[in-house]
Amino acid sequence: MAKVSVFASGNGSNFEAIVKALQGTPHQVVCLISDNEKAYALERAKRLQIPYHVFPFRSPTERRESEVNILNLLRSYGTDFIALAGFMKLLSPLLIDAYPNRIVNLHPSLLPKYPGTQGIRDSYLSGDKELGITIHYVDYGLDTGPIITQRSFRREGTETLEEIEEKIHTLEHEVYPKVLIELLDALERHT
Ligand code: GAR
């Protein structure tokens, strides 16, 4: 059984999709970490009975302190793997080096196109005919780590931003938990 900690800053719909998908597997979400005390993800965690913890990342000093505390906490949960699901802060080498090849991120564009916090809006405004999502390992850069998989769809051209947003979220909820389970199964086979 692999123990996963999920990081989220906002709505948390992917966090919830992961928790529910893992319920049918030997793996388990052991906690939610957020940098935002107002994140709706925290409400979801309460409802799903997943422990959650908030650590501020408002300044470099605060981030350093928070990451030390997060690392201790992750270890206390026996965390094997970290899934970023709408976590909008960059992690430092402290955390990344503690979990080599064991931190993955979901991004709502076909990376390397449109990294950052506005992936959906930037993709939408680009006029690109093919839009999609990326799941990748986390390295020191902003949405730059090795790509694990991507899924795309062709836009008709008449959709609103909200419709594209919905398509992307639906795709994310379908694909991210599945890929995560495959990675966790592989982790179990190799440890
Ligand atoms: C998702 O669309 C995810 O791809 C994106 O944040 C959203 C979180 O939604 N992540 C990034 O932009 C990371 N750079 P959620 O809080 O409802 O899961």
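Residues numbered from 1 in each chain as written. Predicted model: local features only at pLDDT ≥ 70, side-chain atom pairs only at ≥ 80, totals over all residues. Heavy atoms only, no water.

J.: Explain the pattern of salt bridges to me, please; I cannot follow it from the model alone.
T.: Where charged atoms of side chains with opposite charge meet at close range, the side chains can pair. Here the structure, examined in full by the defined rule, presents 9 salt bridges. When the shortest N-O distance is used, the salt bridge between arginine 47 and glutamate 16 registers 3.2 Å. Separated by 31 residues along the polypeptide, arginine 47 in helix 2 (residues 40–48) and glutamate 16 in helix 1 (residues 13–22) bring together distant segments of the chain. Residue arginine 47 is classed as partly exposed on the basis of its relative accessible area, which comes to 49%. According to the relative accessible area criterion, glutamate 16 is buried, its value standing at 9%. Close ionic contact of arginine 121 with aspartate 122 constitutes a salt bridge, the shortest N to O distance being 3.2 Å. Through salt bridges with shared partners, one network takes in Glu16, Lys20, Arg44 and Arg47. (Salt bridge = Lys/Arg side-chain N within 4 Å of Asp/Glu carboxyl O. Helix = DSSP H or I, 4+ residues; strand = E, 2+ residues; numbered from the N terminus. Buried < 20%, exposed > 50% of the residue type's maximum accessible area, 1.4 Å probe, protein only.)

J.: Teacher, can you tell me more about the pairing of strand 4 (residues 81–84) here?
T.: One face of the sheet, then the other: side chains in a regular strand alternate in exactly this way. Burial along strand 4 is two-sided: Phe81 and Ala83 facing one way and Ile82 and Leu84 facing the other are all buried. Here 4 bridges tie strand 1 (residues 3–7) to strand 4, and the two strands are oriented parallel to one another. Among the inter-strand pairings, valine 6 is bridged to a residue of strand 4, identified as alanine 83. Taking the sense of rotation as the criterion, the β-α-β connection linking strand 4, helix 4 (residues 93–98) and strand 5 (residues 103–107) turns out right-handed. (Pairing = 2+ DSSP bridges. Right-handed = clockwise from strand over helix to strand, strands pointing away.)

J.: When you look at the pairing of strand 5 in this model, what are you seeing that I'm missing?
T.: Within strand 5, 5 of the 5 residues are buried, which leaves it mostly tucked inside the rest of the structure. Burial of strand 5 is two-sided: the residues Ile103, Asn105 and His107 facing one way and the residues Val104 and Leu106 facing the other way are all buried. Summarising the sheet, strand 4 and strand 5 pair through 3 bridges and their orientation is parallel. Bridge assignment links leucine 84 to a residue of strand 5, and that residue is asparagine 105. Here 4 bridges tie strand 5 to strand 6 (residues 130–137), and the two strands are oriented antiparallel to one another. Bridge pairing links asparagine 105 to histidine 136 in strand 6.

J.: Got a minute to help me understand a negative patch on the surface in this structure?
T.: A cluster of acidic residues, Glu156, Glu162, Glu163 and Glu166, forms a negative patch on the protein surface. Its place among the elements puts glutamate 156 in the loop between strand 7 (147–154) and helix 6 (161–189). (Patch = residues over 30% accessible without salt bridge, like charges linked within 9 Å, V, L, I, M, F, W, Y side chains within 5 Å. Areas by Shrake-Rupley, 256 points an atom, 1.4 Å probe, with all protein chains shown as cover. Lys, Arg positive; Asp, Glu negative; His and termini not counted. Charge placed at Lys NZ, Arg CZ, Asp CG, Glu CD.)

J.: Where do I start with the sheet that holds strand 5 in this structure?
T.: Across a sheet, paired strands are connected by hydrogen bonds in the backbone, their directions being either parallel or antiparallel. Pairing is mixed across the open sheet formed by 7 strands, whose spatial order is 3-2-1-4-5-6-7. Two strands lie at the open edges of the sheet, namely strand 3 (52–54) and strand 7, each paired on one side alone. In this sheet, neighbouring strand axes are inclined to one another by 20° on average, regardless of whether the strands run parallel or antiparallel. (Axes fitted to C-alpha atoms, helices over the stretch in contact; angles between N-to-C directions.)

J.: Help me understand the side chain of asparagine 14, please; the structure alone is not making it clear to me.
T.: Tracing the backbone shows asparagine 14 in helix 1. Classification of asparagine 14 by relative accessible area gives buried; the value is 9%. Setting aside residues up to four positions removed in sequence, asparagine 14 forms contacts with Ala85, Leu106, Glu172 and His173. (Contact = heavy atoms within 4.5 Å.)

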